[in-house]
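Structural features, examined
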Amino acid sequence: MMHPEARRQVTRLFAALEYGEQLAHDCARQQACWIGTPRAQRFLNAQARQEATHAAFYRRAAEWLMPGHHYQAPKSLQQYGRRLQRALDNNDPCDSLTGSQIVLEGFGEQIILRLNRGMDNHGIGFRHLRRILLRQERSHYAFGLHMLQQQIATEPANSGRVKSLAADYLQQVHVIIDEMSDVFISLDEDPGEYLNELLGNLPDWIRGPCP
């Protein structure tokens, strides 16, 4: 019983989320090949499987909402993906962990967390699955924080680099939010709050102290 425009906008959102989850899957799978400890490799392989499941869920949800329609991911999100792929191609742990497990997962968590209310109000459903996805996104984020702390402990110079990388990725998230603002507004959400919440959840050693 959703309004047709709300249905269209949510389908666009699910297309973006599917792209993001597929990107996170690719990151975890490649990271598992060159992040050395067996425990981290097991986590990343499990994460890759979870991300593939998440992507399939969003794809099916989009097909259920608007059968026969397919929306491309926002161009700004595709640009984010290309930026992150360069980090993976360079086998750069600090860059790829910051872009994937911290900023991408943190952004996805904020979307799921804040839009759960809007989705419930519009009767979109999938409540139980959305909660499972949220828990898993939080575990991926926590893993990324731990791995980055290890990178900094091994090489203290990485501390400033992580802050610079995070600022770069967050700027790209700002562009994504601008491009998708009509989607968030259609679900009675303030687009600006997403970046604020994402920034607020970052520890000072990534974000830097608040002015």
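Bear in mind that the values here come from a model prediction, so they are computed numbers and not experimental data.

1. Some remarks on empty space enclosed by the protein
- One pass over the structure, following the stated rule, counts two cavities of 30 Å³ or more.
- Estimates place the volume of the largest cavity at around 180 Å³.
- As for the largest cavity, its lining consists of 15 residues, of which Ala16, Leu17, Gly20, Leu104 and Gly108 are closest to the centre.
- Mapped onto the lining of the largest cavity, the elements with two or more residues apiece are helix H1 (4-34) and helix H4 (93-121).
- In terms of residues, the lining of the largest cavity owes the most to one element, H1, which gives six residues.

2. Some points on the layout of surface pockets
- By volume, the largest pocket amounts to about 170 Å³.
- Lining the largest pocket we find Thr37, Arg39, Ala40, Phe43, Phe143, His146, Met147 and Gln150.
- Only helix H2 (38-65) and helix H5 (127-154) provide two or more residues apiece to the lining of the largest pocket.
- Looking at the lining of the largest pocket element by element, the count peaks at four residues for H5.

3. As for the pattern of salt bridges
- Applying the stated criterion across every chain, the model contains nine salt bridges.
- For Arg59, the salt bridge identified is with Glu18, shortest N-O distance 3.1 Å. Remark: Glu18 occurs in helix H1 and Arg59 occurs in helix H2; sequence separation between them is 41 residues.
- For Glu18, a relative accessible area of 19% corresponds to the buried category.

4. Focus on the nonpolar core
- Counting residues in each nonpolar core, the largest one holds 60 residues, and the members touching the most others are Leu13 and Tyr80.
- Going through the elements one at a time, H1, H2, helix H3 (75-89), H4, H5, helix H6 (158-179), helix H7 (181-186) and helix H8 (192-201) are the ones with two or more residues in this core.
- When residues in this core are grouped by element, the largest group, ten residues, is from H1.

5. Observations regarding the side chain of Ser76
- In this fold, Ser76 is placed in helix H3.
- Apart from the residues within four sequence positions on either side, Ser76 is in contact with Val175, Ile176 and Glu179.

6. What about the packing of aromatic side chains?
- Following the criterion strictly, the structure yields five aromatic pairs and no others.
- Consider the rings of Phe14 and Tyr58, whose centres lie 5.7 Å apart with planes at 35 degrees: the pair is tilted. Taken as a pair, Phe14 in helix H1 and Tyr58 in helix H2 lie far apart in primary sequence, 44 residues in all.
- Among the aromatic residues, those joined into a ring-pair cluster are Phe14, Phe57 and Tyr58.

The rules we used
- Residues numbered from 1 in each chain as written.
- Predicted model: local features only at pLDDT ≥ 70, side-chain atom pairs only at ≥ 80, totals over all residues.
- Heavy atoms only, no water.
- 1 Å grid on protein atoms, 1.4 Å probe; cavity = no way out; pocket = protein on both sides within 12 Å on 5 of 7 lines; lining within 4 Å.
- Points joined across faces, edges and corners; volume = space filled by probe spheres on them.
- Helix = DSSP H or I, 4+ residues; strand = E, 2+ residues; numbered from the N terminus.
- Salt bridge = Lys/Arg side-chain N within 4 Å of Asp/Glu carboxyl O.
- Buried < 20%, exposed > 50% of the residue type's maximum accessible area, 1.4 Å probe, protein only.
- Core = buried A, V, L, I, M, F, W, Y, C linked by side-chain atoms within 4.5 Å.
- Contact = heavy atoms within 4.5 Å.
- Phe/Tyr/Trp six-rings, centres within 6.5 Å; stacked < 30°, edge-to-face > 60°.

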